[in-house]
Amino acid sequence: MWWDERVSARFQRNLQPTLTYWSVFFSFGLCIAFLGPTLLDLRCQTQSSLSQITWVFFSQQFCLLLGSCLGGVFKRTLAQSLFALFASSLAISLVFAIIPLCHNVVVLAVVMAVAGLAMGCIDTISNMQLVKIYQKDSAIFLQALHFFVGFGALLSPLIADPFLSDTNCILSNATANASSNLPHIRKSLVPHHPGNLSHYDLPMKGMVVTHVSYAFWIMALINLPVPIAVFFLLYKERMVPCFNSSSHPLLSADELAMETRPAEKDDLSTTVQRPQVARGHDDLFSCCQSKNFRGASYTYFAVHITGALVLFMTDGIVGEYSGFIYSYAVEEPLSVVHKVAGYLPSLFWGFITLGRLISIPVSYRMKPATMVFINVVGVLVTFLLLLIFSYSVVFLFVGTACLGLFLSSTFPSMLAYTEDILQYKDHT
């Protein structure tokens, strides 16, 4: 095997929880990418305007941010984390099943807000649980985790595509012009910025003809094994309510034994101190109290701030570039044909998924700090070349592929890098 026996043995001992966290992140990816392609059909279903339906984007993304913060509340014990993951993954399946029943844009926004909260909890808890299990060896498993979100994000538009309307899905006397431009309108939708499409006549009243509900029900069924897998992990850990068992530690007995080996004295000291630290969690905000930061060096804060800024920029690019690049390509000076420009978002997500797959073996041979440096420099150089060759259609495609490749492993590499420096424990 291309990794050593110690990491392989650790993976085998934690096979079920690791596969469970990976599958839960597949749910995250499945839910994050379906909204863009299906938005016009959802507009028809709710009989709303473009400006109204694009607020569903905001509802999902804002609650994803809140959910990421909320996920930190459930990370103190394994039981809390797994119950939160079970509820979140089940909520995503329910959201997929309920969306076809939402015929009002406000109700749809509320449902997407629930999905955003669930996605945020999944994002925080899955990353932190893998770090707590594998610690110094977490890089390779974090890369695999983020491959699954890319795979889910690549799969959901493919599931939805056969069920999207080729003509305007609200039949009225004014559908002819809108129907002929529907593929262009669909790909030009950028969250919260529908103003450049206001000249298209999209009727809001009439007979609704759309089959997009089948896509959501298929995704609900595909996602259903994920909460079942989390439930089985809860059952294995004897945390199902019908079992009267005490709270389990974040690490299994095997993992604790491994961490206390003589060769890893630093981990021994932190493991012994861990119960003493846990007693400081008297309230929800105890980790934010100043006493927990006394004696911390400037490096401690610098690493957190730098890591947050890098992730803020790179995750922001991932979220916006795929929605922006089509509109950029079809406008002057490039004026790419609409059908050709439609391949750009798929190319971007495809290379993100490919990059995360490649990063799994690479992360074992290369230090996280080196990977972060390569990723950040690669992103900056790619954007610089995109500006220099801004009139080149060929380089737009090449640059989009390179950008997806460099962005793909930034998040897991940065998380693994900060773990190497700070050794995240209960106060992470």
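Above this text sits the structure in question.
All values reported here derive from a predicted model rather than from experimental measurement.

A. Molecular detail of empty space enclosed by the protein. Per the counting criterion, the structure on display carries two cavities of 30 Å³ or more. Its boundaries defined by the atoms lining it, the second largest cavity holds a volume of some 30 Å³. Lining the second largest cavity are Y328, L334, L386, F389, S390, S392, F395 and L396. Class assignment for the residues of the lining of the second largest cavity results in six nonpolar, two polar and no charged.

B. Focus on a nonpolar patch on the surface. Taken together, the side chains of W55, F58, F62, L65, L66, L70, V73 and L117 define a hydrophobic patch exposed on the protein surface, amounting to about 710 Å² of accessible area. Ranked by residue count, the leading element in the nonpolar patch is helix α5 (residues 55-71), at six residues. With respect to the helices and strands, the residue F62 is situated in helix α5.

C. Layout of the packing of aromatic side chains. On inspection of all chains with the given rule, the structure shows 17 aromatic pairs. Ring plane angle 20 degrees and centroid distance 5.7 Å describe the contact between W22 and F148, whose orientation is recorded as stacked. With a gap of 126 residues between them, W22 in helix α2 (residues 15-32) and F148 in helix α8 (residues 138-160) connect regions that are remote in the sequence. Exposure remark for W22: the relative accessible area of 11% places this residue in the buried category. Its relative accessible area of 24% is what places F148 among the partly exposed residues. Relative to F28, the ring of F25 has its centre 5.4 Å away and its plane inclined at 10 degrees; by these criteria the two rings are stacked. With F25 and F28 both in helix α2, this residue pair falls three residues apart, about one helical turn.

D. Main features of unusual backbone geometry. Phi is positive for Q47, close to 50 degrees, though the residue is something other than glycine. Inspection of the secondary structure assignment puts Q47 in the loop between α3 (35-46) and α4 (50-53). When its relative accessible area of 27% is taken as the criterion, Q47 is described as partly exposed. Phi at S335 is positive, roughly 50 degrees, even though this residue is not glycine. Tracing the chain through its elements places S335 in the loop between α15 (298-330) and α16 (338-341). Here S335 falls in the partly exposed class, since its relative accessible area comes to 42%.

The rules behind these values
- Residues numbered from 1 in each chain as written.
- Predicted model: local features only at pLDDT ≥ 70, side-chain atom pairs only at ≥ 80, totals over all residues.
- Heavy atoms only, no water.
- 1 Å grid on protein atoms, 1.4 Å probe; cavity = no way out; pocket = protein on both sides within 12 Å on 5 of 7 lines; lining within 4 Å.
- Points joined across faces, edges and corners; volume = space filled by probe spheres on them.
- Nonpolar A, V, L, I, M, F, W, Y, C, P; charged D, E, K, R; others polar.
- Patch = residues over 30% accessible without salt bridge, like charges linked within 9 Å, V, L, I, M, F, W, Y side chains within 5 Å.
- Areas by Shrake-Rupley, 256 points an atom, 1.4 Å probe, with all protein chains shown as cover.
- Salt bridge = Lys/Arg side-chain N within 4 Å of Asp/Glu carboxyl O.
- Helix = DSSP H or I, 4+ residues; strand = E, 2+ residues; numbered from the N terminus.
- Phe/Tyr/Trp six-rings, centres within 6.5 Å; stacked < 30°, edge-to-face > 60°.
- Buried < 20%, exposed > 50% of the residue type's maximum accessible area, 1.4 Å probe, protein only.

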